[in-house]
Amino acid sequence: MAILGLSLTMVAVFVGFGLLIGTLFGFFGMGGSFLVTPALLVMGYPSTVAVGSGLAFVFGTSVIGALRHHDHGQVDYKLAAIMTVAMTIGIEAGKSVVFFLEATGMADLIINVAYVGLLAAVGLLTLRDAWSDDDTETSSDLADRVQSVHIPPMVTLRGGVRVSGTIIFAVGLVIGVLSGFLGVGGGFLLMPAMMYGLGVPAAIAVGTDILQITISGAFGAFTYAQSGSVALPVVAFLLVGSALGARVGAGATNLVDEDEIKGYFAAMLLAGSLAVASNKLGTVYGIDLLNTLSTVLIFGAALLVSGAVVLAAVCRLRNDRTGTWCRLTTS
Amino acid sequence: MFGLENLSGFAQAVATVGVVLAEAFALYLAYGLLSNTVGATVIDALGGD
């Protein structure tokens, strides 16, 4: 029996995988494209279809996530609008850098090293912050300094944060350049930049990040759909799972402490960094074991971290911080 | 599969984004209804009350 051309087993796989990714996406505001696209590649879909379907899926999931965060009052539309305009300009500039590097024949090496380095650097910074006893020290120092710069126009954001609109634009521009350069959505850079750089509360940073991803995901999906590179049945079943997962993940942000969010976020980034490095080394030197390790790292981290998110939320519901399992979820 | 293959590139892209958006809204509303119906029971059960 087949539904929309897919066997029941594949339908179950896509719905289950969607549930996993939706939980991570709703909780962290990231993790969509860098999990779905490799998964579809492993399943044998052509690279353009894997990327196009990944973008269409990210768009659908982020619509659901953004609606959910909107209901919780965790989206700052002013911040999202400035970031979207700045990032769009930045992405075009980043693409130009890639075309220049391609002409020199060094694009692949430089992009991969930059991707691994950035993922690792943001992951380590976040991990240090999560493990720090004085949780206000690192992030507040930088955010305080940024907020003390009064370059007009000043913008008041949700959570009472007042920051220069020019600085927000500049941050969006830099992230846009990096996104265009690396060919990624930018969620893993945008979220920490809003939290640590601008001092936006974690839950609002996640909600605003998801809204921005909705816009860029729609644009990306539209571009690939023009050449028929979106597998709609796959996207449809992934969404069935992720819609439920996004609800669970977004609900968990109201239960789990910000510091615990940071610890999980760091673990995801570090696993992603190792996975990309392992994949590239495996491809360059033809070592299949490294490619397998990369797949295991991506899916293993996704499964473990989404499990930890759900477990942490259940522990908070039970007001249990001392049980064996519940202690594992405290970073 | 969804009958979009015969459309022109631009129309296919608009229809694809439209289908994904419509499904996302439908799922958001459906799961919202489900959550309102059984959500409190599930949270009570998970919370051990």
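Each chain has its residues counted from 1, following the order in which its sequence is written. Written order decides the labels, with chains lettered from A and ligands numbered from 1. The predicted nature of this model means local features are confined to residues of pLDDT at least 70 and side-chain atom pairs, given and counted, to a pLDDT of 80 or more, with totals for whole chains, interfaces and linings taken over all residues. Excluded from the side-chain calculation are hydrogens and water; included are all heavy atoms of the structure.

**With respect to the domain arrangement of chain A**
Residue and element names in this part refer to chain A. Domain boundaries in chain A define domain 1 (1–75 + 205–254) and domain 2 (77–199). Here the bounds of each domain stem from an automatic or database domain assignment. Measuring from the centre of the C-alpha atoms in domain 1 to the corresponding centre in domain 2 gives 23 Å. Residues are treated as being in contact if the distance between any of their heavy atoms lies within 4.5 Å. Each partner contributes to the interface: domain 1 provides 14 residues, whereas domain 2 provides 13 residues. Between domain 1 and domain 2, roughly 1,300 Å² of surface is buried when both sides are summed, and carbon and sulfur atoms account for 69% of that area. In this description, buried area is defined as the sum, over both parts, of the accessible area (probe of 1.4 Å) that is lost when the two are combined. Three residues, Val75, Ala205 and Gln212, lead the burial of domain 1 against domain 2; their summed loss comes to 36% of the area buried on that side. Here a salt bridge means any side-chain nitrogen of Lys or Arg lying within 4 Å of a carboxyl oxygen belonging to Asp or Glu. Counting every contact that joins domain 1 to domain 2 gives zero salt bridges. Polar contacts, as counted here, are pairs of nitrogen or oxygen atoms within 3.5 Å of one another; within protein the pair requires one atom able to donate a hydrogen and one able to accept it, and residues that are adjacent in sequence qualify only if both atoms are side-chain atoms. Between the two partners, domain 1 and domain 2, sit three residue pairs in polar contact (both at pLDDT 80 or more). For the side of domain 1 that touches domain 2, the element with the most residues is helix α9 (residues 202–225), which contributes eight residues. Each residue receives one of three labels: charged for Asp, Glu, Lys and Arg, nonpolar for Ala, Val, Leu, Ile, Met, Phe, Trp, Tyr, Cys and Pro, and polar for the others, Gly being one of them. Grouping the constituent residues of the side of domain 1 that touches domain 2 by class yields nine nonpolar, four polar and one charged. The way it works is that DSSP assigns letters per residue, a run of H or I at least four long becomes a helix, a run of E at least two long becomes a strand, and they are numbered from the N terminus.

**Quick word on helix α7 (residues 165–182) of chain A**
Residues and elements named next belong to chain A. A helix is expected to span 1.5 Å multiplied by its residue count minus one. Over its 18 residues, α7 extends 26 Å from the first C-alpha to the last, a length consistent with the 26 Å expected when each residue adds 1.5 Å. Looking only at α7, the buried set comprises Gly165, Ile167, Ile168, Gly172, Ile175, Gly176, Ser179, Gly180, Phe181 and Leu182. Its side-chain oxygen placed 3.2 Å from the backbone nitrogen of Thr166, Ser164 serves as the N-cap of α7. Type-normalised accessible area, obtained with a 1.4 Å probe on protein chains alone, sets the label of each residue: buried when under 20%, exposed when over 50%, and partly exposed for intermediate values.

**Details of the nonpolar core**
All names here are of chain A. Phe28 and Leu198 are the most contacted members of the largest nonpolar core, which has 100 residues in total. Residue contributions to this core peak at 10 residues, all from α9. Both of domain 1 (1–75 + 205–254) and domain 2 (77–199) provide at least three residues apiece to this core. Here, nonpolar core means buried Ala, Val, Leu, Ile, Met, Phe, Trp, Tyr and Cys residues that are tied together by side-chain atoms lying within 4.5 Å of each other.

**Brief notes about the side chain of A:Ser229**
All names here are of chain A. Examined against the element boundaries, Ser229 turns out to sit in the loop between α9 and α10 (232–252). Overall, Ser229 belongs to the buried group, its relative accessible area being 8%. When residues no more than four places from it in sequence are discounted, the contact partners of Ser229 are Thr48, Val49, Gly52, Ser53 and Tyr224.

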